[in-house]
Amino acid sequence: MNIFVCIKQVPDAKDVRLDPKTNTLARDGVQSIINPYDRHALEEAVRLKEKFSGTVTVVSMGPPQAEEILREAVSCGADEAVLVSDRAFAGADTLATTYTLAQAIVKCGKPDLVLCGKQAIDGDTAQVGPGLAERLDMAYVTCVRRINDLVDDTLHLERMMDDGYDVLEVKLPALMTVVKEINQPRLPSLKGKMKAKKMAVTVLSAADIGADIKQLGLAGSPTQVVRVFSPEFKGERTMITGTVSEQATQLAEILVEPA
Amino acid sequence: MLQIDKEACIGCGVCEENCAFDAIHVVDGVAEVNDNCTLCGSCVEDCEVEALHIDKAEQDETADLSAWSGVWVYAEYRHGRIAPVAFELLGVGRKLADQRQVKLSAVLLGHDFTDEAEQLIAGGADKVYVADEPGLEYFTDDAYGNVLIDLINEHKPEIVLAGATAIGRSFIPRVATSLKTGLTADCTQLAIDPEGGNLLQTRPAWGGNIMATIVCPNYRPQMSTVRPLVMKPLEADSSRKGEIIPVKSAPERIDSRVKVVRSVIEESDQVNLTEADVVVAGGRGLENAEGFALINELAELLDAGVAASRAAVDSGWIPYPHQVGQTGKTVCPKVYICCGISGAIQHLVGMQSSEVIIAINRDPDAPIFSVATYGVVGDLFEILPELIARLRVHSKIN
Ligand SMILES: Cc1cc2nc3c(=O)[nH]c(=O)nc-3n(C[C@H](O)[C@H](O)[C@H](O)COP(=O)(O)OP(=O)(O)OC[C@H]3O[C@@H](n4cnc5c(N)ncnc54)[C@H](O)[C@@H]3O)c2cc1C
Ligand SMILES: Nc1ncnc2c1ncn2[C@@H]1O[C@H](COP(=O)(O)O)[C@@H](O)[C@H]1O
């Protein structure tokens, strides 16, 4: 089975803040990590490979330093690593990103299964998985929480819904996005680490993937960010003071007859 | 590409200081851009001598946008009921449509409808497109996507909104990709730009730490998924008139490559949090699972739902379905009472639109007080028992 896993390098979101004075992102000391959901996608791919044999290729579109996460993925069980990197990709929204990733994947071979994380924690869009499936003309399932079986090219799986779950069957080739509940990702193995150190990461440019320049980066992105700002709050409040007993009495009054 | 006019650049370094991505540096008195640049454009605005420039002319602006008119809402329907978010979308959609002076339409996909189309008209729709087919009984990305794509291509709405639910966030991205247009995920604010008439789509990003406003000026339709429980529905008005338009699709369009074996609703034994009028929430300040007994007791007296911060959920005091915030539920009750919650931004985004917020926290500087309607600085282990006692007395009298 030829499995591709799309992984993204993201800043650790809990460290990101907007500086209220300059209105810019304060990123001092912010760590770059593999998008947490993508670790689960990778783990599921490696488990499928171990059970049914095949190869796992990790693909990332990003700046040159995204090579770090590709090597980390190899240390956790991926076989091949592809970095899709070019200045022309800058400013890509999800439409341009799915175009670029689809071109790159097709360039590398014929996928039986493509795995993505449910969403990336920087943009939180969850749009790249379904969009990529459309670009690849593949069936897809989002928010997969469990793969029950693979029988004769048909995956039996469960997808999370807001009010429960759906039990589904899909014939390969297909794409799926996964939630954290699907597995517990493994740590890098010693052998994996050695391999990751030595291996060559394939780097593909816009020209290498035969891309139409008009569909890349900013030029290929219908959406534009016009403003970023810190969330603001209404903040008109009444403080309830006094002794504990007085505070409780006032609260009870408010609750019995909410203003 | 970010263009730098080396003659105009005075090397002041404002761009370097403000760049969120560490992508621009002043080298030998002139700005230089590196591969980190995302072309966000904030430096272009900051540059006082206009030395920076982003060439956007490459985008195809020749498309005729005037052919696109009307606001559409995807009215999610599952397990025999219209999702509440559909009515919220009609509420905000009505405003947008009136401002643009166009019609508001709803799209209803499923099987065996009764009066759902009428409900959508009462909720604000001028037109309802109804596709009622056995093949649409269960949600599939293929069939639902195909029907919506075909309808959009035929009728050319300028704006398409859907709920940012599991279903909306699954199939709408495929629709947008197929139509080669932009899509903004999980919006919490929508408005029309009075100047260009474009849809201003505002959404939280970076785990809720930052808000971003996004436009899609050169492509149609402009598409957004919208977070449930943020927009307000209109008062249902059954005297409102509207048109119901049945939709027929070719059989191959309602075929799905994914087969639904069964669709399971998981019963929750708790009050449905998102629909409760009063919600009592507890955080790390409760110290342990026993602390949560106070929250449960208060909730029972007030017939309220029980919510929690992620810290309380992560500590195992209460299961995940009760979590409110960025990675949990969004709630909008009449009264939200939070006890021992600090008010981290990721929690606030899930409850800030509640009508009345009561915060109990012993730290007077806790950020929760910045969103509170009523603030109580004090120890919840002293205040809650007294409050519970008073409410018990009250409920005995009545
Ligand atoms: C990507 C991301 C997503 C997240 N998603 C969510 C989410 O969906 N929901 C969420 O809630 N969080 C979320 N978080 C976590 C969030 O950042 C906070 O860590 C969390 O909300 C803190 O919970 P808390 O307020 O209960 O705990 P703390 O921040 O520890 O606050 C406890 C508060 O209790 C007060 N207190 C203590 N003892 C008492 C007492 N006896 N009487 C009165 N007051 C007392 C303290 O003064 C303090 O203010 C997310 C974080 C990240 C990075
Ligand atoms: N630049 C990228 N390179 C590789 N994979 C990506 C990239 N952006 C997004 N993805 C994949 O798409 C998923 C959803 O991302 P998003 O739509 O940005 O929330 C991620 O979890 C990744 O699996």
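Nothing here was measured: the structure is a model prediction, and the numbers come from that model. (Residues numbered from 1 in each chain as written. Chains lettered and ligands numbered in written order. Predicted model: local features only at pLDDT ≥ 70, side-chain atom pairs only at ≥ 80, totals over all residues. Heavy atoms only, no water.)

Visitor: I tried to follow the interface of chain B and chain A on my own but got confused; where do I start?
Guide: Many descriptions give the size of an interface as the accessible area lost when the pieces come together. Taken together, the 92 residues of chain B in the interface contact 83 residues of chain A. For the pairing of chain B and chain A, the buried interface totals around 7,800 Å² over both sides, and the portion due to carbon and sulfur atoms is 58%. Joining chain B to chain A, the criterion identifies six salt bridges. Asp141 of chain B is the salt-bridge partner of Arg159 of chain A, the closest N and O atoms lying 2.9 Å from each other. At the surface where chain B touches chain A, the tally comes to 32 residue pairs in polar contact (both at pLDDT 80 or more). Broken down by element, the residue count for the side of chain B that touches chain A peaks at 10 residues, all from helix α6 (residues 166–179) of chain B. Here the side of chain B that touches chain A is composed, by residue class, of 48 nonpolar, 27 polar and 17 charged. (Contact = heavy atoms within 4.5 Å. Buried area = accessible area lost by both parts, 1.4 Å probe. Salt bridge = Lys/Arg side-chain N within 4 Å of Asp/Glu carboxyl O. Polar contact = N/O pair within 3.5 Å; in protein donor to acceptor, adjacent residues only side chain to side chain. Helix = DSSP H or I, 4+ residues; strand = E, 2+ residues; numbered from the N terminus. Nonpolar A, V, L, I, M, F, W, Y, C, P; charged D, E, K, R; others polar.)

Visitor: What should I look at first to understand the sheet that holds strand β14 (residues 210–215) of chain B in this one?
Guide: Hydrogen bonding along the main chain pairs the strands of a sheet, whether they run parallel or antiparallel. Taken together, four strands build an open sheet; the order of strands is β14(A)-β14(B)-β13(B)-β12(B) and the sheet is antiparallel. Both outer strands of the open sheet, β14 (224–229) of chain A together with β12 (189–192) of chain B, are each paired with one neighbouring strand and no more. Direction aside, the axes of adjacent strands within the sheet are offset by 25° on average. Sheet strands in contact with helix α3 (residues 84–100) of chain B are β12 and β13 (199–205) of chain B, and its direction is about 10° off that of β12 of chain B. (Pairing = 2+ DSSP bridges. Axes fitted to C-alpha atoms, helices over the stretch in contact; angles between N-to-C directions.)

Visitor: What should I look at first to understand the sheet that holds strand β16 (residues 243–246) of chain B in this one?
Guide: Residues and elements named next belong to chain B. The strand order across the open sheet formed by seven strands is β11-β15-β10-β5-β8-β9-β16, and the pairing between neighbours is parallel. At either end of the open sheet lies a strand with only one pairing partner, and these are β11 (183–187) and β16. Within the sheet, the average angular offset between the axes of one strand and its neighbour, ignoring direction, is 20°. Relative to strand β5 (residues 71–75), α3 is tilted by about 180°, and along the sheet it contacts β5, β8 (104–110), β10 (159–163) and β15 (222–226). Contacts between helix α5 (residues 141–155) and the sheet are confined to β5, β8, β9 (127–132) and β10, with β8 contributing the most and set at about 150° to the helix.

Visitor: When you look at the site of ligand 2 in this model, what are you seeing that I'm missing?
Guide: All names here are of chain A. The environment of ligand 2 is made up of 17 residues, and the closest members are Cys6, Asp38, Ala120, Thr125 and Ala126. At 2.7 Å from an oxygen atom of ligand 2 is found a main-chain nitrogen or oxygen belonging to Ala120. Here ligand 2 has 480 Å² of accessible area as a free molecule, and 97% of this is covered by the chains. Every element with two or more residues in the shell around ligand 2 is listed here: β6 (55–61) and β8 (113–117). The leading source of residues in the shell around ligand 2 is β6, at three residues. Residue composition of the shell around ligand 2, by class: nine nonpolar, six polar and two charged. (Near = heavy atom within 4 Å. Areas by Shrake-Rupley, 256 points an atom, 1.4 Å probe, with all protein chains shown as cover.)

Visitor: I keep staring at the site of ligand 1 and nothing clicks. Help me out?
Guide: Residues in close proximity to ligand 1 total 26 residues, the closest being Arg284, Ser309, Thr327, Ser342 and Asn361 of chain B. Residue neighbours of ligand 1 fall on chains A and B, so the site bridges chains. Thr327 of chain B places a polar side-chain atom, nitrogen or oxygen, 2.6 Å from a nitrogen atom of ligand 1. Within the side chain of Ser342 of chain B, an N or O atom sits 2.6 Å from an oxygen atom of ligand 1. Expressed as a share of its isolated accessible area of 990 Å², the protein-covered part of ligand 1 is 83%.

Visitor: Quick question: what am I supposed to make of the confidence of the model for chain B here?
Guide: Mean pLDDT for chain B: 91, with 96% of residues reaching 70 or above. Both confidence scores are given for the complex: pTM 0.83, ipTM 0.86. (pLDDT = per-residue confidence, 0-100.)

Visitor: I would appreciate a short explanation of the packing of helix α4 (residues 128–136) of chain A against α6 of chain B in the present structure.
Guide: In a packed pair of helices, the relevant descriptors are the angle between the two axes and the axis-to-axis distance. It is at 8 Å that the axes of α4 of chain A and α6 of chain B come closest, and there the two elements cross at 45°. Here α4 of chain A lies oblique to α6 of chain B, going by the angle between them. Viewed along their axes, α4 of chain A and α6 of chain B form a crossing whose handedness is right-handed. Touching Pro130, Gly131, Glu134 and Arg135 of chain A of α4 of chain A are Arg169, Ser170, Pro173, Arg174, Thr177 and Ser178 of chain B, all from α6 of chain B. Of the residues that constitute the contact of α4 of chain A with α6 of chain B, the class distribution is two nonpolar, four polar and four charged. (Parallel < 35°, antiparallel > 145°, perpendicular 65-115°, else oblique. Left-handed = near helix turned anticlockwise from the far one by under 90°.)

Visitor: Looking at this structure, how should I read the packing of aromatic side chains?
Guide: By convention here, two paired aromatic rings are described through the distance between centres and the angle between planes. Residue and element names in this part refer to chain B. Going through the model one piece at a time under the given rule, you end up with six aromatic pairs over all chains. Taking 5.0 Å as the distance between ring centres and 40° as the angle between the ring planes, the aromatic pair formed by Trp72 and Tyr129 counts as tilted. In this pair, Trp72 is assigned in strand β5 and Tyr129 in strand β9, connecting sequence segments 57 residues apart. Given a relative accessible area of 4%, Tyr129 falls into the buried group. Taking the centre distance of 5.1 Å and the plane angle of 75° together, the rings of Tyr74 and Phe171 count as edge-to-face. Of this pair, Tyr74 sits in strand β5 while Phe171 sits in helix α6; the two residues are 97 residues apart in sequence, bridging distant segments of the chain. As far as burial versus exposure is concerned, Tyr74 and Phe171 are alike and both buried. (Phe/Tyr/Trp six-rings, centres within 6.5 Å; stacked < 30°, edge-to-face > 60°. Buried < 20%, exposed > 50% of the residue type's maximum accessible area, 1.4 Å probe, protein only.)

Visitor: Explain the environment of Tyr138 of chain B to me, please; I cannot follow it from the model alone.
Guide: Residues and elements named next belong to chain B. Along the chain, the position of Tyr138 falls in the loop between β9 and α5. Distance in space between the C-alpha atoms of Tyr138 and Gln3 is 51 Å, their sequence separation being 135 residues. With residues near it in sequence (within four places) discarded, Tyr138 still touches Tyr144, Val260 and Ser263.

Visitor: Looking at this structure, I do not really get the pairing of strand β2 (residues 24–27) of chain B. What am I missing?
Guide: The side chains of a regular strand alternate, residue by residue, between the two faces of the sheet. All names here are of chain B. Strand direction decides the pairing type here: β2 and strand β3 (residues 30–33), joined by four bridges, are antiparallel. Across the sheet, the residue bridging to Ile24 is Val33, located in β3. What sits between the antiparallel neighbours β2 and β3 is a turn of two residues, in which Asp28 has the positive phi angle 50°.

Visitor: Is there a simple way to explain the nonpolar core in this structure?
Guide: Side chains of a nonpolar character, in soluble globular proteins, are inclined to be buried together. Within the largest apolar cluster, 55 residues are counted, with the highest numbers of intra-cluster contacts made by Val114 and Leu132 of chain A together with Phe171 of chain B. Judged by nonpolar contacts, the second largest core, of 41 residues, contains Ala81, Leu157 and Val178 of chain A together with Val260 of chain B. (Core = buried A, V, L, I, M, F, W, Y, C linked by side-chain atoms within 4.5 Å.)

Visitor: Whenever I open this one, the domain arrangement of chain B confuses me. Can you help?
Guide: Split by domain assignment, chain B resolves into domain 1 (2–54), domain 2 (65–253) and domain 3 (273–397). For domain 1 of chain B versus domain 3 of chain B, the distance between C-alpha centres works out to 46 Å. (Domains from an automatic or database assignment.)

Visitor: Would you take a moment to explain the pattern of salt bridges for this structure?
Guide: Side chains carrying opposite charge are able to pair once their charged atoms draw close together. Residues and elements named next belong to chain B. Under the criterion given, the structure shown has 29 salt bridges over all chains. Note that Glu275 and Arg81 form a salt bridge whose closest N and O atoms lie 3.4 Å from each other. One end of the pair, Glu275, is in the loop between β17 (258–265) and β18 (278–282); the other, Arg81, is in strand β7 (residues 81–82), with 194 residues separating them in the sequence. For Arg81, a relative accessible area of 45% corresponds to the partly exposed category. Of the charged contacts, one joins Arg94 and Asp126 as a salt bridge, the two residues approaching to 3.0 Å between their closest N and O atoms. Here Arg94 is found in helix α3, whereas its partner Asp126 is found in the loop between α4 (116–122) and β9, with 32 residues between them in sequence.

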